[in-house]
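A look at the structure
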Amino acid sequence: MKRILDNIVEECRPWTSKGEVASYIPELAKANPDILGIWVTTLGGEEYFAGEYDFKFTIQSISKVVTLMLAILDNGIEYVFSRVGMEPTEASFNSITNLDSHEEKIPLNPMINAGAIAIVSLIHGDTIEEKATRILNFTRKITGNPYISINDSVYESEKKTGDRNRALAYYMKGNGIIEGSVEEILDVYFKACSMEVTSKDIARIGAMLANDGVLLTNERVISREACRIIKTIMVTCGMYDASGKFAVHIGIPAKSGVGGGIMAAVPRRMGIGVVGPALNSKGNSSGGIKILEKLSQELDLSIF
Ligand code: DON
């Protein structure tokens, strides 16, 4: 397995130069585009890695899976999906047109920015700090890494430049989809996106989802039913408007982030974390997608 991963990372390196690091959040533009790494955690507890697997990056939209889990734990499946839909979209992750397509004006799904902002508004806690700490602690628990923290420079950078997210949030407030202070909700959302992780951390999240909501320590963190729903939404919406192609060519429930990470869960087999900050035009890691494509072929990982 180690040899397979080493070979795949080296074969995929040329794809890093086919993408560009995210520049719409200035702090992300500083990342090294040549980085490429992978971590695999099997459900038997074996771990394999290759390339720059220990590179630290911000979790970004992969946090949308984490906040969805916490919102479900706080509110139940039925309530959460009365506020956010389950439908895929062909518009980009920060599109405003997404907000007008659903009958009830709720965001189409929890994986686009609008959906994730609405999901964050459902997380329990009296203050911004309490909500952000609950997300951080939940992330530490499901990764098994008590040292995960928020990258303050990325958080500040997002806050300063997040006007599209502000537009989405105010529009939703105007439609009665979210309640309370928009700035406070966004603050929690920006903090969740700015948690700093490695490929190992996201592979561990993938392994828990692959294991139907149970950690490698045998502790159940979410119900089997919630886990099934989340993995299905990852297939249909996790790679944004590239989800269909990803399902056809790779066939694994996955979630990407503009920090360059992709978290993948191969049901009953393994969690995979890949990192490559150079992104393609859809905002997904260019080298990371290629790694998953080759690994899926090599190990026959497609669920379809
Ligand atoms: O809302 C944003 O712009 C970012 N904090 C997260 C977006 C993101 O990761 C989209 N992913 N591909």
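Sequence order as written defines residue numbering, which begins from 1 separately in each chain. For this predicted model, a pLDDT threshold of at least 70 governs which residues receive local features, and a threshold of 80 or more governs which side-chain atom pairs are given and counted, while totals over whole chains, interfaces and linings are taken from all residues. The basis for the side-chain values is all heavy atoms of the structure; hydrogens and waters are excluded.

**A closer look at the overall build of the protein**
Where helices and strands are cited, they refer to DSSP runs of H or I of at least four residues and of E of at least two residues respectively, numbered from the N terminus. On a plain count of helices and strands, the protein comes out with 13 helices and 8 strands. As defined in this context, the radius of gyration uses C-alpha atoms, and a globule is described by 2.2 Å times the residue total to the power 0.38. What you see for the protein is a C-alpha radius of gyration of 17 Å, in line with the 19 Å of a compact globule of 304 residues. Along the first, second and third principal axes, the C-alpha atoms of the protein reach 55 × 40 × 35 Å. A simple rule labels every residue: compare its accessible area, found with a 1.4 Å probe on the protein chains alone, to the largest value its type can have, and call it buried under 20%, exposed over 50%, or partly exposed in between. For the protein, with 304 residues in total, the buried portion stands at 58%. Here, two residues are considered to be in contact whenever any of their heavy atoms come within 4.5 Å of each other. Taking as baseline every contact in the protein between residues at least 6 positions apart, the subset at least 24 positions apart corresponds to 68%. In the form shown here, the protein has an accessible surface area of approximately 12200 Å², with 49% of it arising from carbon and sulfur atoms. Put simply, the protein has 32 plus and 37 minus side-chain charges, and the middle of one group is 2 Å from the middle of the other. Per-residue and other accessible areas follow the Shrake-Rupley method at a 1.4 Å probe size, with only the shown protein chains counted as cover for residues. A residue counts as positive if it is Lys or Arg and as negative if it is Asp or Glu; His and the chain ends are not included. To locate a charge, the coordinates of NZ of Lys, CZ of Arg, CG of Asp or CD of Glu are taken.

**Some points on empty space enclosed by the protein**
Of the grid points, spaced at 1 Å and generated over the protein atoms alone, those admitting a 1.4 Å probe that cannot get out make up cavities, while open sets with protein on both sides within 12 Å along at least five of seven lines make up pockets; any residue with an atom within 4 Å of a point is treated as lining. Grid points are joined across faces, edges and corners, and a volume is the space filled by probe spheres set on the points. A complete count under the given rule lists 1 cavity of 30 Å³ or more for this structure. What the largest cavity holds in volume is close to 80 Å³. Taken together, 13 residues line the largest cavity, and the ones lying closest to its centre are Y24, Q60, F93, N113 and Y189. Residues are sorted three ways: Asp, Glu, Lys and Arg are charged, Ala, Val, Leu, Ile, Met, Phe, Trp, Tyr, Cys and Pro are nonpolar, and all the rest, Gly among them, are polar. Of the residues that constitute the lining of the largest cavity, the class distribution is 7 nonpolar, 4 polar and 2 charged. Residue contributions to the lining of the largest cavity reach at least three from each of two domains, namely domain 1 (2-60 + 196-299) and domain 2 (63-195). Each domain's limits were defined by an automated method or a database of domain assignments.

**Here we look at the environment of I4**
Mapped onto the elements of the fold, I4 is located in helix 1 (residues 2-12). Distance from I4 to V84, taken between C-alpha atoms, is 40 Å for residues 80 residues apart in sequence. The residues contacting I4, other than those within four sequence positions of it, are L295, E298 and L299.

**Notes on the site of the ligand**
Consider each residue's heavy atoms; a residue with any of them within 4 Å of a molecule or strand counts as near. In the vicinity of the ligand, 14 residues are found, and the nearest of them are Y24, Q60, S61, E158 and Y189. N165 is positioned with one of its side-chain polar atoms (N or O) 2.9 Å from an oxygen atom of the ligand. Under the rule applied, a polar contact is a pair of N or O atoms within 3.5 Å (in protein, one hydrogen donor and one hydrogen acceptor; residues adjacent in sequence only if both atoms are side-chain atoms). Taking V258, its main chain carries an N or O atom lying 2.9 Å from an oxygen atom of the ligand. When the free accessible area of the ligand is taken as 340 Å², the share hidden by the protein chains comes to 99%. Within the shell around the ligand, the residues separate by chemical class into 6 nonpolar, 6 polar and 2 charged. The residue makeup of the shell around the ligand includes at least three contributed by each of domain 1 (2-60 + 196-299) and domain 2 (63-195).

**Quick word on the pattern of salt bridges**
When a carboxyl oxygen of Asp or Glu lies within 4 Å of a side-chain nitrogen of Lys or Arg, that pair is called a salt bridge. Per the stated rule, a full pass over the model turns up 19 salt bridges. Here K2 and D6 are joined by a salt bridge, their closest N and O atoms 3.2 Å apart. Placement of the pair is K2 and D6 together in helix 1, with a separation of 4 residues, close to one helical turn. Judged by its relative accessible area of 38%, K2 falls in the partly exposed class. In this structure, K159 engages D187 in a salt bridge whose closest nitrogen and oxygen atoms are separated by 2.6 Å. Linking K159 in helix 7 (residues 152-161) with D187 in helix 9 (residues 182-193), this pair joins segments that are 28 residues apart in sequence. Looking at K159, the relative accessible area reads 31%, which means it is partly exposed. Judged by relative accessible area, D187 falls into the buried class, the value being 7%. In the salt-bridge network here, residues are joined through shared partners; they are D212, R224, K231 and R268.

**Considerations on helix 6 (residues 128-143)**
Its 16 residues place the ends of helix 6 23 Å apart at the C-alpha level, agreeing with the 22 Å of an ideal helix rising 1.5 Å per residue. Here helix 6 has its buried residues at K131, A132, I135, L136, F138, T139, I142 and T143. The arc that holds every buried residue of helix 6, seen down its axis, measures 160°, which confines them to one face. G144 sits one or two residues past helix 6 and shows a positive phi near 70°. Expected span of a helix: the number of residues minus one, times 1.5 Å. The arc in question is the one spanned by the directions pointing from the helix axis to the C-beta atoms.

**Some remarks on the sheet that holds strand 5 (residues 195-197)**
When DSSP finds at least two bridges between two strands, those strands are taken to pair. Overall, antiparallel pairing links the 3 strands, which are arranged 3-5-4 in an open sheet. If you trace the sheet from one side to the other, it starts and ends with strand 3 (57-58) and strand 4 (149-150), each paired once. The pairing of strand 3 with strand 5 spans 2 bridges and is antiparallel. Across the sheet, the residue bridging to F57 is V197, located in strand 5.

**Focus on the domain arrangement of the protein**
Domain annotation for the protein reports domain 1 (2-60 + 196-299) and domain 2 (63-195). Put simply, the middle of domain 1 and the middle of domain 2, counted by C-alpha atoms, are 20 Å apart. The interface of domain 1 with domain 2 comprises 35 residues on the first partner and 39 residues on the second. By definition, the buried area sums, over both parts, the 1.4 Å-probe accessible area that each loses when the two are put together. Here domain 1 meets domain 2 over a buried area of about 3100 Å², counting both sides, of which 71% is carbon and sulfur. Per-residue buried area on domain 1 facing domain 2 is highest for Q60, E196 and Y240; these three make up 18% of the total on that side. There are 1 salt bridge connecting domain 1 and domain 2. The interface formed by domain 1 and domain 2 contains 11 residue pairs in polar contact (both at pLDDT 80 or more).

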